[in-house]
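# Commentary on secondary and tertiary structure
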Amino acid sequence: MEDLLSELLAPLRLQGVFHSRWSARAPWGVAGEREHCALIHYVQEGACTVELPELPEPVRLDAGDLVVFPHGTAHRLADSPGRPTVPLASLLPDRSPGAVRTVEIDGPGPATTMLCGGLHYDDSAAAPLYRALPPVLVFDREMLERQPLLSGTLDRLAGEWAGGEPGAVLVALRAFELVFVLALRVALADLDTPVLQALRHPGISRALLAVHTRFGEQWTLESLAEEAGLSRSAFAASFRELVGEAPMRHLTARRMQEAARLLKESTLAHGRIAERVGYRSGVGFHLAFRQWCGMTPGEYRRLGPRRGGPGVA
C-alpha cells in the first residue's frame, strides 16, 4: 500500500502555491471556474457550503473542516446553498503561483474565515491513478483531529498568517504543499470512493502496483488477472468498477505518461523510449502516443505539452 501511495503522490512535482485568506460576512457567494491546479479550502471560523454539479447536494463545511479539489474542479462557495454568486476572478483577478492575497466581503450576517490555496503541479506528470481521484475530497474536523501532523500543520498555517513573523509567507507556501500531500494520504487510507477502494483491494492493488512500477513488461489482461489472484472476468469487472476504466487502458495511460516524461526530459531515441515503456513495435508506440495526447512523439518533444498536459480532458 505504501509503495502504491508513493506512485500516486511522488510524480506530482508541485511547482508553486497561490494562497489567500478570506473573511466573509453573510450573505455571500463566490463561483470559481475550473483551475489548472489542485485547490484547498480550510474553514478556520464559521461555516460555508460547497456546491458543484458532480455532487447530488451541497456539502456543509464547519470550523475545522478541510476540502480538497485534486483537479481544480469548478465549484461554488457560499454562506448557504443557492446564494447568488460573483465570479472568483472579480475578487482575485491574479492568482499566479507564489502570490498571497486577502479577501474581505462585508455583510450584516455571521463571519466565515477560510484559508484557500491553489497548488500548481505538472499535469503531464500526474499518474493515471491521480487522474482517477474524485473531483472533491472532504475531511471533517474529527477526521483531521485523528491526524496530528495534518491538523497541526493547518493550525500552524493559520497562525503564521496572523502572526506576521519573518519568513511567514515561505512557511505558508510549504505548509500548503504539506497539507495537500498529507490530505491525499488520509483520503487513500480512510475515504470511501471507488478508486480509493481499489487501493485497499488486495488483488486490484497488486495489479495497480504492477502497472505503475513494471509498466515495461509485456502485460496482458490474463497476466494482470493472475497478478491480482483473480479470474480474468472477475478482475476485469472489479478493476473497471473501482478504477473507472479497463485494465489495459489504464496500463496504456501509465506507459504514455512515462513516455511523455522521457520525451521531455531525455534525449533517448523514440525506439528506446518505446522499448522502455513496453512496446516492441515503434509503429505501435507512435500510434498509441498520438491517440493518447493528440501529437506524435516527435511533435511532443519539439513543442512540449499543451496547457493542462497530455491526456487531460
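As the structure is a prediction and not an experimental result, all values here were calculated from the model. Counting of residues starts from 1 at the beginning of each chain's written sequence and follows it residue by residue. Confidence filtering applies because this is a predicted model: local features only for residues at pLDDT of at least 70, side-chain atom pairs given and counted only at 80 or more, and all residues used for totals across whole chains, interfaces and linings. The side-chain values count all of the structure's non-hydrogen atoms but skip hydrogen atoms and water molecules.

### Quick word on the overall build of the chain
Defined as follows: Only DSSP runs of H or I covering at least 4 residues are called helices, and only runs of E covering at least 2 are called strands; the numbering of each starts at the N terminus. The reference for a compact globule is 2.2 Å times residues^0.38; the radius of gyration itself is calculated from the C-alpha atoms. Whether two residues are in contact is decided by their heavy atoms: any pair within 4.5 Å suffices. A positive count includes Lys and Arg, and a negative count includes Asp and Glu. His and the chain ends are not counted in either. Note that the charge is assigned to NZ on lysines, CZ on arginines, CG on aspartates and CD on glutamates.
Within the chain, the regular secondary structure consists of 14 helices and 11 strands. Relative to the 2.2 N^0.38 estimate, which gives 20 Å for 313 residues, the radius of gyration of the chain is 21 Å and therefore close to what a compact globule would have. By principal-axis analysis of the C-alpha atoms, the chain measures approximately 65 × 45 × 35 Å. For the chain, restricting intrachain contacts to residue pairs at least 6 apart in sequence, the fraction spanning at least 24 positions comes to 76%. Positive and negative side-chain charges of the chain, numbering 33 and 36 respectively, have mean locations separated by a distance of 8 Å.

### Description of the nonpolar core
What counts is decided by this rule: Side-chain atoms within 4.5 Å link the members of a nonpolar core, which is a set of buried Ala, Val, Leu, Ile, Met, Phe, Trp, Tyr and Cys residues. Relative accessible area decides the class of each residue, using a 1.4 Å probe on protein chains only: under 20% of the type maximum gives buried, over 50% gives exposed, and in between gives partly exposed.
Counting 74 residues, the largest nonpolar core has L66, Y130, F139 and F289 as its most contacted members. At 12 residues, helix α6 (residues 168-190) tops the list of elements feeding residues into this core. Every residue in contact with L66, bar those within four places of it in the chain, is listed here: I40, H41, Y42, L137, V138, F139, L144, L154, V179 and A183. The next biggest cluster of nonpolar side chains, apart from the first, holds 23 residues, and it includes W22, W28, V30 and C116.

### A short note on the UniProt feature "domain: HTH araC/xylS-type" (unreviewed entry) in the chain
Formally: UniProt positions are given in the numbering used here, feature names are shortened, and annotations may be inferred rather than shown by experiment.
The feature "domain: HTH araC/xylS-type" (unreviewed entry), as given by UniProt, occupies residues 205-303 in the numbering adopted here. A helix fraction of 75% and a strand fraction of 0% characterise residues 205-303, whose end C-alpha atoms lie 35 Å from each other.

### Quick look at helix α8 (residues 202-213)
How we decide: Expected span, for any helix, means 1.5 Å times one less than how many residues it has.
Taking 1.5 Å per residue as the helical rise, α8 with its 12 residues ought to reach 16 Å, and the 17 Å between its terminal C-alpha atoms agrees with that figure. Turning to α8, its buried residues number three or more, namely G203, I204, S205, A207, L208, A210, V211 and H212.

### Comments concerning the sheet that holds strand β4 (residues 47-51)
Sheet strands line up and pair through hydrogen bonds in the backbone, either parallel or antiparallel. Stated formally: By the convention used here, strands pair only if DSSP detects at least 2 bridges between them.
Judged by pairing direction, the sheet is mixed, and its five strands sit side by side in the order β5-β4-β7-β2-β8 without closing on themselves. The open sheet terminates on both sides in strands that have one partner only, identified here as β5 (59-62) and β8 (86-87). In this sheet, β5 lies alongside β4 in antiparallel orientation, the contact comprising four bridges. Bridge assignment links C48 to a residue of β5, and that residue is L61.

### What about the side chain of S205?
Structurally, the position occupied by S205 is in helix α8. Here S205 is in contact with L4, A198 and L199, once residues within four sequence places are set aside.

### Notes on the sheet that holds strand β9 (residues 100-105)
Formally: Working convention: axes come from line fits to C-alpha atoms, limited for helices to the stretch in contact. Angles between N-to-C directions cover 0 to 180 degrees.
Across the sheet, six strands lie side by side as β9-β1-β10-β3-β6-β11; this open sheet has mixed pairing. Edge strands, defined here as strands with exactly one partner in the open sheet, are β9 and β11 (137-139). Averaged over all adjacent pairs, the angle separating strand axes in this sheet is 15°, with direction ignored. The sheet contact formed by strand β3 (residues 38-45) and strand β10 (residues 111-121) spans seven bridges and is antiparallel. Note on β10: the bridge partner recorded for A38 is L119.

### Digging into the pattern of salt bridges
The criterion, for reference: Only one rule defines a salt bridge in this text: a Lys or Arg side-chain nitrogen within 4 Å of an Asp or Glu carboxyl oxygen.
The tally for this structure, following the rule as stated, stands at 14 salt bridges. A salt bridge links E222 to R232, with the nearest nitrogen and oxygen atoms 2.6 Å apart. Remark: R232 occurs in helix α10 (residues 232-243) and E222 occurs in helix α9 (residues 221-228); sequence separation between them is 10 residues. Residue E222 is classed as partly exposed on the basis of its relative accessible area, which comes to 44%. Owing to a relative accessible area of 46%, R232 belongs among the partly exposed residues under this scheme.

### A short note on the packing of α8 against α10
To keep it simple, the criterion reads: Angle categories: roughly parallel below 35 degrees, roughly antiparallel above 145, roughly perpendicular from 65 to 115, and oblique for all the rest. Residues are grouped as follows: Ala, Val, Leu, Ile, Met, Phe, Trp, Tyr, Cys and Pro are nonpolar; Asp, Glu, Lys and Arg are charged; every other residue, Gly included, is polar.
Where α8 meets α10, the closest approach of the two axes is 10 Å, and the angle between their N-to-C directions is 80°. Judged on the interaxial angle alone, α10 and α8 are roughly perpendicular. Of the residues in α10, those touching α8 at I204, A207 and L208 are F235, S238, F239, L242 and V243. When the residues that make up the contact of α8 with α10 are grouped by side-chain class, the tally is seven nonpolar, one polar and no charged.

### Observations regarding the packing of helix α11 (residues 247-265) against helix α13 (residues 282-293)
Where α11 contacts α13, the two axes come as close as 10 Å, and the packing angle between them is 95°. With respect to α13, the axis of α11 lies roughly perpendicular. Taking contact as the criterion, the partners of A253, M256, Q257, A259, A260 and L263 in α11 are, on α13, F285, A288, F289 and W292. Residues of the contact of α11 with α13, tallied by class, amount to nine nonpolar, one polar and no charged.

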